[in-house]
Amino acid sequence: MLGVLAAVAGAAAGAVAARAAYAAFRRRPPIGDEKTWTRTNHRGEPITLLEGPAFVAGAGAAAALTPGLSPRLRSAALLAGLGGGVLGAYDDVLGNASSKGFKGHLSALARGEVTSGAVKILGIGATGLAAAVIARGPAATRPHGGAAAGVLDTLVNGAIIAGSANLANLFDLRPGRAIKVALLAGTPLLATSLAASAASSGASRDGSPGTAVLAAIPLGAAAALLPEDLGERAMLGDAGANALGALLGLAATVRLGRTGRLVLLGTVAALTAASEKISFTKVIAANPVLNRIDMLGRRPVPPPPVVVSPTP
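All values derive from a computational prediction rather than experimental measurement.

A. Local environment of the nonpolar core. Core analysis: the largest hydrophobic core is formed by 63 residues, its most contacted members being Phe-55, Leu-214 and Leu-250. For this core, the secondary-structure elements that each account for two or more residues are helix H1 (2–27), helix H2 (51–65), helix H3 (71–94), helix H5 (116–136), helix H6 (147–170), helix H7 (177–199), helix H8 (210–230) and helix H9 (237–255). Setting aside chain neighbours within four positions, we find Phe-55 in contact with Pro-218, Ala-221, Ala-222, Leu-225, Leu-236, Gly-240, Ala-243, Leu-244 and Leu-247.

B. Molecular detail of the pattern of salt bridges. Throughout the structure, instances matching the rule amount to 13 salt bridges. The residue Arg-136 makes a salt bridge to Asp-153 at a minimum N-O spacing of 3.7 Å. Placement of the pair is Arg-136 in helix H5 and Asp-153 in helix H6, with a sequence separation of 17 residues. Here Arg-136 matches Asp-153 in class, with each residue buried.

C. Region of interest: the packing of aromatic side chains. Enumeration according to the criterion identifies one aromatic pair in this entry. Judged by centre distance (4.9 Å) and plane angle (25°), the ring pair of Phe-171 and Phe-280 falls under stacked. With a gap of 109 residues between them, Phe-171 in the loop between H6 and H7 and Phe-280 in helix H11 (residues 280–286) connect regions that are remote in the sequence. Taking relative accessible area as the criterion, Phe-280 reaches 10% and is therefore assigned buried.

D. Local environment of a nonpolar patch on the surface. On the surface, a cluster of nonpolar side chains totalling about 410 Å² of accessible area is made up of Met-1, Val-4, Leu-5 and Val-8. If you trace the backbone, Met-1 turns up in the segment before H1. On the basis of relative accessibility, which here comes to 69%, the residue Met-1 falls in the exposed class.

E. Spotlight on the confidence of the model for the protein. Looking at the protein, pLDDT values average 87 and 84% of them are 70 or higher. Across residues 202–207, confidence stays below pLDDT 50; counting only partners more than four residues off in sequence or on other chains, it has 16 contacts.

F. Representation of the packing of H1 against H8 within the structure. Axis separation between H1 and H8 bottoms out at 7 Å; the angle between their running directions is 35°. By crossing handedness, the relation of H1 to H8 is classed as right-handed. Note on element contacts: H8 touches H1 through Ala-212, Val-213, Ala-216, Ile-217, Gly-220, Ala-221, Ala-224, Leu-225 and Glu-228, opposite Gly-3, Ala-6, Ala-7, Gly-10, Ala-11, Gly-14, Ala-15, Ala-18, Arg-19 and Tyr-22. Across the contact of H1 with H8, the residue classes tally to 13 nonpolar, four polar and two charged.

G. Broad picture of the environment of Asn-287. As for its placement among the helices and strands, Asn-287 is situated in the loop between H11 and helix H12 (288–295). Given the relative accessible area of 31%, Asn-287 is considered partly exposed.

Rules of the game
Residues numbered from 1 in each chain as written. Predicted model: local features only at pLDDT ≥ 70, side-chain atom pairs only at ≥ 80, totals over all residues. Heavy atoms only, no water. Core = buried A, V, L, I, M, F, W, Y, C linked by side-chain atoms within 4.5 Å. Buried < 20%, exposed > 50% of the residue type's maximum accessible area, 1.4 Å probe, protein only. Helix = DSSP H or I, 4+ residues; strand = E, 2+ residues; numbered from the N terminus. Contact = heavy atoms within 4.5 Å. Salt bridge = Lys/Arg side-chain N within 4 Å of Asp/Glu carboxyl O. Phe/Tyr/Trp six-rings, centres within 6.5 Å; stacked < 30°, edge-to-face > 60°. Patch = residues over 30% accessible without salt bridge, like charges linked within 9 Å, V, L, I, M, F, W, Y side chains within 5 Å. Areas by Shrake-Rupley, 256 points an atom, 1.4 Å probe, with all protein chains shown as cover. pLDDT = per-residue confidence, 0-100. Axes fitted to C-alpha atoms, helices over the stretch in contact; angles between N-to-C directions. Left-handed = near helix turned anticlockwise from the far one by under 90°. Nonpolar A, V, L, I, M, F, W, Y, C, P; charged D, E, K, R; others polar.

Laid out in structure tokens, this is it:
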């Protein structure tokens, strides 16, 4: 019961804080003015990226204040979420499209060109690893299998956090898509965390209902901002998507055992590699089930213009 109450509190805190932050940032953006955060969406219409900073601020406030998180998990969540958010905002505001994709940014870096995307990739990698170290704590050096296994586990966890941050951003190409993917992936994680918490009398592997809270906070904040996203008034951008993915990745590393984490890392790596060759949007549009989910709650896609041939 303690785990359920803590998770509900975390989701509610994330939702309320995210909505409050969004309203505040629309009045006064955190950096620059409204034009700084305005972009053109897939329809050619203006859209604000302020949803991203609102998610980061809301999830961060909830992580800092919600009971049920140990000091280690609280610190790890703040580092993963704020780190991904700040680095994503840097790319949102100062980035350029000269290089695209994971491969493109690293190729540019190999040529001696430091792109904003490369800074973000390296920075999120560093903050993801640091969050993994903090979350595991001193016991990470003495797991089953010895110190070497502990180091490997920490590296895997850091890669999951950073990889999840990047993967969430790859889905943020259509209204609501990144949040829907997060809800579909995060809800089972939350459910299993609550079940494990109840089975152990409210204590997770961390000795608290912290795993469920870690998953509930970003899900609550993201769900609260979904109407703005689906309405094509705002989008997560790199700031929000990176933070959302990083927080869910952190929750997964705390909840899953070694085998589960290796499977998750392989899945994240495979999808990231696939994104360099194929379009997620085309794959989703070609699958009736995925397309129905993708279009749920969205404005209809206008039909292509009818071209009338002149009468000879």
